[in-house]
Each structure stands twice: as C-alpha cells, then as structure tokens.
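One letter stands for each residue in the lines below.
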Amino acid sequence: MSEGTSTNEEQSPESTAFSNDLVLTQDGTHTLYSARFGQWYHSVHGALEESRRVFLELGLAYFREVFPERREVRILEMGFGTGFNALLTLLEAGELSIRYTSLEAYPISPAEYRQLNYDAVMGSGELQALHEAEWNIPVVISPSFMLEKVHAELQAYLKTAKGPFDLVYYDAFAPGSQPELWTPEVFAGIARLLPSGGILTTYSAKGDVRRALQAAGFRVEKHPGPGRKREIVRAIKD
Ligand SMILES: C[S@@+](CC[C@H](N)C(=O)[O-])C[C@H]1O[C@@H](n2cnc3c(N)ncnc32)[C@H](O)[C@@H]1O
C-alpha cells in the first residue's frame, strides 16, 4: 500500500494524497476522474444514465419486483465515491425503508463534492448531508433512508462484516485498474453476506468477472447496458 492510502484511525477520512478532476458527462451530470486509479467514477457517456440503469433499474427496481411484500431493503455499495448512487437511491425510496451501507477507502474532499451538480440536476438537496454524515455509524438522512458509510478497504471489511444484505451495488473501479477487487475470493466474501436470492449488480460483464461471480456461487445474467454499453450484469446468489 502506498503512502497516503492507509485507512488507520489517525488518518482523517477527508484526507487524500490525490485530487480528482471534475468532468461533465454527456447527459449533463458530473463525474470525477481519479488520478490515483486513472479511472472515471462513472461513464463519461452519462453518469446519471449509467447509475440509473445498472443500480436503480437492474438492482432496486428488480428487488421491488421480486420481493413486493418487503418494506425494508438492506443495500451494500462498494465505493461511495461521489455519493451519486446513494443520492439516486434515496430519491427512489418511496414506501421502502432503506438501510444503505457504503464502503469507501479513499473519500473525496469537501472541495470536490461541493462542485458536483447532482442536487441541481435532480432537484434534490441531500448530497451534502450524505457526504457530511459521520463515518462508521448509521446516520438518519431522511425518514426512509439510513446511511452507514464505512471508511475501509473492501478486503478488510469482508473479514469481519456480518450483513445480511439484500442488494449489492458493485461499483468498484474497472477490473483492468483494480483486478484484486474482482476475484472469486472477494465475491465469495460478498456472497457470505447475502441470503439465497440476494442480488448483486455491476457494470462490468467481462468474461473473467462473470466467471469469478459464478465461482463464488452466483447465477449470472447479462442485460443490455446504458447507452453504448452493450452488456451489464445482475447476479443472483443461488
Ligand atoms: C467507481 S468509483 C465509485 C463510484 C460511486 N459509486 C459513485 O456513485 O460516485 C469506485 C470507488 O471505490 C473506491 N475504492 C477503491 N479501492 C477501494 C477498496 N479497496 N475498498 C473500498 N473502496 C475502494 C474508490 O475510492 C472509488 O470511490
């Protein structure tokens, strides 16, 4: 692990040795470019379009469809990042009570999240509250949305996490940049946190990713992606 990437107690969750550049994507919503990982936080073809399709439609809407009787959903997000997935999920809560746990090893800075145009585009006002919520404890953001941001690396979190979760938004940086986050071992660690029928969605449909999910006990479905992206994945724990 390089200097500045430690997640120990002394390090403020706000601190980061790298800055991220603000980018306007083709649907008018912002994303960031990570110098640390050489990756965009969302598709440059449309951050809103991507998040809606991969996580809200394939994930949350599907959960509602298959579990219409459920009044609560427990979501685990890999990578809090800009908070956009969290914001979109909060805005879609409706009658559902959402417990949203989001992992982040390298939080963005206040100067970075204050520039994001998500509240302006969505007509919402909660982005700042999501970012300012204290780390590592559950915080009530709205009557239907409880957020727990966990400042940790996924691999460390999986050693002690208990779950259970109903739905996982797997939004790590791409396998080409962080292959260690797309392994059968990592997915097996996540599978342990899900009941049978638990759902994971992700934007990567690469063969290695699908095989790693299958090896971890998921049934893998390919679905049409947003915009130009041909395929994305929904995986169901068998
Ligand atoms: C694709 S971005 C997430 C985008 C985010 N969901 C959003 O809506 O903005 C991936 C995130 O994973 C974080 N990350 C990278 N390695 C990590 C690790 N080992 N454990 C936890 N988070 C990690 C990055 O800092 C980044 O915020």
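An unreviewed UniProt entry lists the chain under the name tRNA U34 5-methylaminomethyl-2-thiouridine-forming methyltransferase MnmC, from Siphonobacter aquaeclarae.

Side note on the overall build of the chain
Helix and strand counts for the chain stand at eight helices and eleven strands. For a compact globule of 238 residues, the expected C-alpha radius of gyration is about 18 Å, and the chain comes in at 17 Å, within 12% of that figure. With respect to the three principal axes, the spread of C-alpha positions in the chain is 40 × 40 × 35 Å. By the burial criterion, 54% of the 238 residues in the chain qualify as buried. If you take every contact in the chain between residues at least 6 apart in sequence, the share linking residues at least 24 apart comes to 64%. With the model as given, the accessible surface of the chain reaches about 10,700 Å², and the carbon-plus-sulfur share is 49%. Put simply, the chain has 23 plus and 31 minus side-chain charges, and the middle of one group is 8 Å from the middle of the other.

So, the UniProt feature "domain: MnmC-like methyltransferase" (unreviewed entry) in the chain
With numbering aligned to this structure, UniProt lists the feature "domain: MnmC-like methyltransferase" (unreviewed entry) at residues 152–237. What you have in residues 152–237 is 28% helix and 26% strand, and the ends, taken at the C-alpha atoms, are 24 Å apart.

Comments concerning the nonpolar core
If you look at the biggest cluster of nonpolar residues, it comprises 75 residues, and the most contacted ones within it are Tyr170 and Phe187. Per-element tally for this core: the top contributor is helix 1 (residues 47–66), with nine residues. Ignoring anything within four residues of it in the chain, the contact list for Phe187 reads Tyr170, Leu181, Trp182, Leu200, Val209, Ala212, Leu213, Ala216 and Phe218.

Focus: the sheet that holds strand 11 (residues 231–237)
Pairing in this open sheet of eight strands is mixed, and the strands run 6-7-5-4-8-9-11-10 from one edge to the other. Whereas interior strands pair on both sides, the edge strands pair on one side only; in this sheet they are strand 6 (139–142) and strand 10 (218–224). The average undirected angle you get between the axes of adjacent strands in this sheet is 20°. Note that strand 8 (residues 167–170) and strand 9 (residues 199–202) share four bridges and pair parallel. Bridge pairing links Leu167 to Ile199 in strand 9. Across the face of the sheet, helix 2 (residues 84–91) comes into contact with strand 4 (72–78), strand 5 (97–103), strand 6, strand 7 (145–150) and strand 8 while running at roughly 180° to strand 5.

Side note on the side chain of Ser204
With respect to the helices and strands, Ser204 occurs in the loop between strand 9 and helix 8 (207–215). Within polar-contact distance, the side chain of Ser204 engages the backbone nitrogen of Lys206 at 3.5 Å. Setting aside residues up to four positions removed in sequence, Ser204 forms contacts with Pro175, Trp182, Val209 and Val233.

Describing the packing of helix 1 against helix 2
Viewed as axis vectors pointing N to C, helix 1 and helix 2 meet at an angle of 55°, and their least axial separation amounts to 10 Å. Classified by the angle between their axes, helix 1 and helix 2 sit oblique to one another. By crossing handedness, the relation of helix 1 to helix 2 is classed as right-handed. Contact residues: helix 1 offers Ala47, Leu48, Ser51, Arg52, Phe55, Leu56 and Leu60, while helix 2 offers Phe84, Asn85, Leu88 and Thr89. Grouping the amino acids of the contact of helix 1 with helix 2 by side-chain chemistry returns seven nonpolar, three polar and one charged.

Some words on the site of the ligand
In the vicinity of the ligand lie 23 residues, with Glu77, Gly79, Thr82, Glu104 and Asp171 positioned nearest. One of the side-chain nitrogen or oxygen atoms of Glu77 is found 2.8 Å away from a nitrogen atom of the ligand. Glu104 is positioned such that a nitrogen or oxygen atom in its side chain is 2.5 Å from an oxygen atom of the ligand. Where the shell around the ligand is concerned, the elements lending two or more residues are strand 4, helix 2 and helix 6 (154–160).

Thoughts on the pattern of salt bridges
If you walk through the whole model with that rule in mind, you get eight salt bridges. Residue Glu57 pairs with Arg53 through a salt bridge whose shortest N-O separation is 2.9 Å. Taken together, the positions of Glu57 and Arg53, both in helix 1 and four residues apart, correspond to about one turn of that helix. Classification of Glu57 as partly exposed rests on a relative accessible area of 42%. Overall, Arg53 belongs to the buried group, its relative accessible area being 18%. Ionic pairing is found between Asp166 and Arg70, a salt bridge with its closest N-O pair at 3.1 Å. Taken together, the positions of Asp166 in the loop between helix 6 and strand 8 and Arg70 in the loop between helix 1 and strand 4 put the pair 96 residues apart, joining distant regions of the chain. Taken together, the shared-partner salt bridges in this structure form one network comprising Arg219, Glu221, Arg234 and Asp238.

Cut-off values and rules
- Residues numbered from 1 in each chain as written.
- Predicted model: local features only at pLDDT ≥ 70, side-chain atom pairs only at ≥ 80, totals over all residues.
- Heavy atoms only, no water.
- Helix = DSSP H or I, 4+ residues; strand = E, 2+ residues; numbered from the N terminus.
- Rg over C-alpha atoms; globule rule 2.2 N^0.38 Å.
- Buried < 20%, exposed > 50% of the residue type's maximum accessible area, 1.4 Å probe, protein only.
- Contact = heavy atoms within 4.5 Å.
- Areas by Shrake-Rupley, 256 points an atom, 1.4 Å probe, with all protein chains shown as cover.
- Lys, Arg positive; Asp, Glu negative; His and termini not counted.
- Charge placed at Lys NZ, Arg CZ, Asp CG, Glu CD.
- UniProt positions renumbered as here; feature names shortened; annotations may be inferred.
- Core = buried A, V, L, I, M, F, W, Y, C linked by side-chain atoms within 4.5 Å.
- Pairing = 2+ DSSP bridges.
- Axes fitted to C-alpha atoms, helices over the stretch in contact; angles between N-to-C directions.
- Polar contact = N/O pair within 3.5 Å; in protein donor to acceptor, adjacent residues only side chain to side chain.
- Parallel < 35°, antiparallel > 145°, perpendicular 65-115°, else oblique.
- Left-handed = near helix turned anticlockwise from the far one by under 90°.
- Nonpolar A, V, L, I, M, F, W, Y, C, P; charged D, E, K, R; others polar.
- Near = heavy atom within 4 Å.
- Salt bridge = Lys/Arg side-chain N within 4 Å of Asp/Glu carboxyl O.

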